[in-house]
Amino acid sequence: MCGIAGFFGTRPIAAATRAAMLVALRRRGPDSQHETAWDAAGRPVAPHDAALGALLHARLAIIDPRPEADQPMVDESGQVWLCYNGEVYGWADQAAELKRQGVRFNTRSDTEFILRGYQAWGIEGLLARLRGMFAFALLDRGTGKLYLVRDRMGEKPLLYAARPDGIAFGSTVRSVLPWLPQGERRFDAAALDAYLAHRYVPAPATVFAGIRRLENGHYLEIDLADWQPRKRRYWQPIARGAATMDEALAELATATELRTVADRPLGVFLSGGIDSSCVASMLAARGHTRLHTFTAAFPGSHFDESADAAEIAATLGLANHPLPVPTTLGDAFERIVADLDEPFADPSSFPTWFLARETVRHVTVVLGGDGGDEVFAGYKRHPKHLRSAWRGGLRLPLKGTASLRGRGWAKIADELGISWLDGYSLRFSGFTPAQRRFLQGGKPLARLTGWRPADAPERAPIKQLLALDFANTLPEYILRKGDLCTMAHGLELRAPMLDHVWLEKLFAVDDGARFTEPAKRMLAGAMPQLAALDLFGRKKRGFNPPLRDWLRQDLAPRLAGLGGRLAAASDGLLDAAAVDAFAAAYQAGDEALAEQLLQLLILDESLAQLRRLAAEA
């Protein structure tokens, strides 16, 4: 796990700019930081000189922590360079085959496997063999090509900025921003509106007009002669072949076992839910009984699952550590918003950040249950939206209205004005379209949804919804949260439920076995030790912080002048009086507005931080 950044072009980039890019990555890679920079002829430049190209790397050392495995990594010829973030699993057998063919390995790292694999198989052949999570830049001076690659699920982030004079990339918005000329560091109004709609900025946009986010399952090919990225999709979430339920579960067990390989201490995030319990069960059944589990505790709250998690861990013979989430924010709000990189308003990111902060005191790697709800349709929104699938492409030409609370007919009218499938995005929203119009002074919206279309065509309605999840909320909401909150503390998070080999088998299983009521019944066969606990009969709980207390106490001083600050930061997109009216409605007792008010407060702090960074030379 690491942070990566770099650039190539014709514009000389000062050493101070490179340093700023690397500093933005330091929390992702606390073990070592390195740069390699070149002049126009491809010769290394001195650390304090300007450069036309560079690769920057901040390392969290998990496999082969020796300096020999540090990055950027180069082959013997000096022509092929790699700058990589992630973990690839199950590569040892393929590496052994390369060794039998005469390829020499100098480390035990998956980094070198990617480098040697590219030399042996080319970019497409390499990607077909990679199993895991990754974002990397691969420079081939021999062919004059640069490849920027993001993994199939989107577990690892990769952002880039392309101009006529070059291209830059990084793991975060903040690591790319210093490369942009100051005159081009502008917020994107459409992205800000998409944030209001979805609580995050969906790919390929970012909050800055000049910075893009590479979609999951894609890579960019850049010819160093013209700097223009050519985007290619290399994977789609579709079934391949046929599989039984038992075959799929066996592959999930393999995927989980592969993710236990590490040279640093390893544990498990364990809630009281099905997904993380399944992961813990499979580990315990295969003898990993010395692993410790870690649970976010919310003492006195109905969100608290620590007692359930303790019972599950005890049944499996695993140690459990309940880690209380603070009841007050103190000075953590600014730090959490900064670690979330750009405006991002999942309330559960706060307890996730605190959980990661405490967990890393014990281990450096954790396995979690991320992805289970997306592959088994486990959210309430799935059956709720399926009830109106009969509507299909039927639309009613209704005029959208502006409304502070956005409920009732104002909400229904907007949903009926678009297709049934497009309307799914409104089931997962921050502010309804009517509320967005209200906050923007009654102006009409350019579009109701900021989601991108699904990567894979599906005919069954439930699979159409999940395909949208795989393109939007899974990579850019669920996995972005997990990556940013754990990497902020130098903690690596691994997700067996998102192993692509297991998923290709699962997608081939009969729909009746995969989609059940209650959801995820298929996983019962993977955790027979927990059958007596009746996990499938328990009510699904959220993972939210003590939001009311935070808004009434820790964050209350930020409400004064909120409208004016947001109006200025958004260049007038948000109406100051409307924002203040929204905050006043919450203060007057409308608790239903709490998560949305937090969303505005996060936007306020995030834009303020990014404006300060954008103003720096």
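Let me begin by describing the structure that accompanies this report. Please read all numbers here as calculations on a predicted model, not as lab measurements.

Taken together, the side chains of Leu 396, Leu 398, Trp 409 and Ile 412 make up a nonpolar region of the molecular surface, amounting to roughly 390 Å² of accessible area. Along the chain, Ile 412 falls in helix α13 (residues 409-416). Overall, Ile 412 belongs to the partly exposed group, its relative accessible area being 43%.

Time to look at the sheet that holds strand β8 (residues 159-163). If you walk across this open sheet you meet the six strands as β2-β3-β1-β9-β8-β10, and the pairing is antiparallel. This sheet does not close on itself; its edge strands, each paired only once, are β2 (32-38) and β10 (212-213). Across five bridges, β8 lies against strand β9 (residues 166-170) in antiparallel orientation. Its bridge partner being in β9, Leu 159 is matched across the sheet by Gly 170.

A separate point is the packing of aromatic side chains. Applying the stated criterion across every chain, the model contains 19 aromatic pairs. Seen in terms of ring centroids, Phe 113 and Trp 121 are 6.0 Å apart; in terms of plane orientation they differ by 65°. Their pairing is edge-to-face. Classification of Trp 121 by relative accessible area gives partly exposed; the value is 25%. The lysine or arginine in question, Arg 11, covers the ring of Trp 179, its NZ or CZ lying 4.7 Å from the ring centre. Over the ring of Phe 428 we find Arg 199, and its NZ or CZ is 5.6 Å from the ring centre.

If you walk through the whole model with that rule in mind, you get 54 salt bridges. Across the pair Glu 358 and Arg 357 runs a salt bridge whose closest N-O atoms are separated by 3.0 Å. Glu 476 is paired through a salt bridge with Arg 480; the nearest N and O atoms lie 3.0 Å apart. Taken together, the residues Glu 476 and Arg 480, both in helix α17 (residues 473-487) and four residues apart, mark about one turn of the helix. With respect to class, Glu 476 is no different from Arg 480; both count as buried.

On to the side chain of Glu 605, then. Mapping Glu 605 onto the fold places it in helix α23 (residues 594-615). Contact partners of Glu 605, with chain neighbours within four places excluded, come to Phe 333, Glu 334, Val 337, Arg 558 and Arg 612.

Relative to the helices and strands, Ala 508 resides in the loop between α18 (500-506) and α19 (511-514). Residues Ala 508 and Ala 239, spaced 269 residues apart in sequence, show a C-alpha to C-alpha distance of 4.9 Å. Those residues in contact with Ala 508 that lie beyond four places of it in its chain are Ala 239, Gly 241, Ala 242 and Ala 243.

Of the volumes computed, that of the second largest pocket is approximately 710 Å³. For the second largest pocket, the lining is made up of 34 residues, of which Ala 20, Val 23, Ala 24, Arg 174 and Leu 613 are closest to its centre. In the lining of the second largest pocket, the residues fall into 19 nonpolar, four polar and 11 charged.

Taken as a whole and judged by the stated rule, the model has zero disulfides. Its sulfur unpaired, Cys 2 is 8.4 Å from the next cysteine sulfur, which belongs to Cys 83. The exposure class of Cys 2 is buried, given its relative accessible area of 4%.

Turning to helix α9 (residues 332-339), a few remarks are in order. Note on helix geometry: an α-helix contains 3.6 residues per turn, so any two residues three or four positions apart are oriented the same way. The element α9 is largely enclosed, with a buried count of six among its eight residues. Within α9 the residues assigned to the buried category are Ala 332, Phe 333, Ile 336, Val 337, Ala 338 and Asp 339. On the buried face of α9, the contacting elements are α4 (173-176), α10 (349-359), α17 and α23. Phi for Asp 341, located one or two positions after α9, is positive at around 75°.

What the six strands build is an open sheet, ordered β4-β5-β6-β7-β11-β12; its pairing is antiparallel. In this open sheet, the two strands that pair with only one neighbour each are β4 (73-74) and β12 (229-233). Both strand β7 (residues 145-150) and strand β11 (residues 218-223) contribute to a ladder of five bridges, which runs antiparallel. Within the sheet, the bridge partner assigned to Lys 145 lies in β11 and is Asp 223. Against the sheet, helix α3 (residues 110-129) contacts β4, β5 (80-88), β6 (132-140), β7 and β11, and its axis sits at roughly 100° relative to β5.

What counts, and where the lines are drawn
Residues numbered from 1 in each chain as written. Predicted model: local features only at pLDDT ≥ 70, side-chain atom pairs only at ≥ 80, totals over all residues. Heavy atoms only, no water. Patch = residues over 30% accessible without salt bridge, like charges linked within 9 Å, V, L, I, M, F, W, Y side chains within 5 Å. Areas by Shrake-Rupley, 256 points an atom, 1.4 Å probe, with all protein chains shown as cover. Salt bridge = Lys/Arg side-chain N within 4 Å of Asp/Glu carboxyl O. Helix = DSSP H or I, 4+ residues; strand = E, 2+ residues; numbered from the N terminus. Buried < 20%, exposed > 50% of the residue type's maximum accessible area, 1.4 Å probe, protein only. Pairing = 2+ DSSP bridges. Phe/Tyr/Trp six-rings, centres within 6.5 Å; stacked < 30°, edge-to-face > 60°. Lys NZ or Arg CZ within 6 Å of the ring centre and 35° of its normal. Contact = heavy atoms within 4.5 Å. 1 Å grid on protein atoms, 1.4 Å probe; cavity = no way out; pocket = protein on both sides within 12 Å on 5 of 7 lines; lining within 4 Å. Points joined across faces, edges and corners; volume = space filled by probe spheres on them. Nonpolar A, V, L, I, M, F, W, Y, C, P; charged D, E, K, R; others polar. Disulfide = S-S within 2.5 Å. Axes fitted to C-alpha atoms, helices over the stretch in contact; angles between N-to-C directions.

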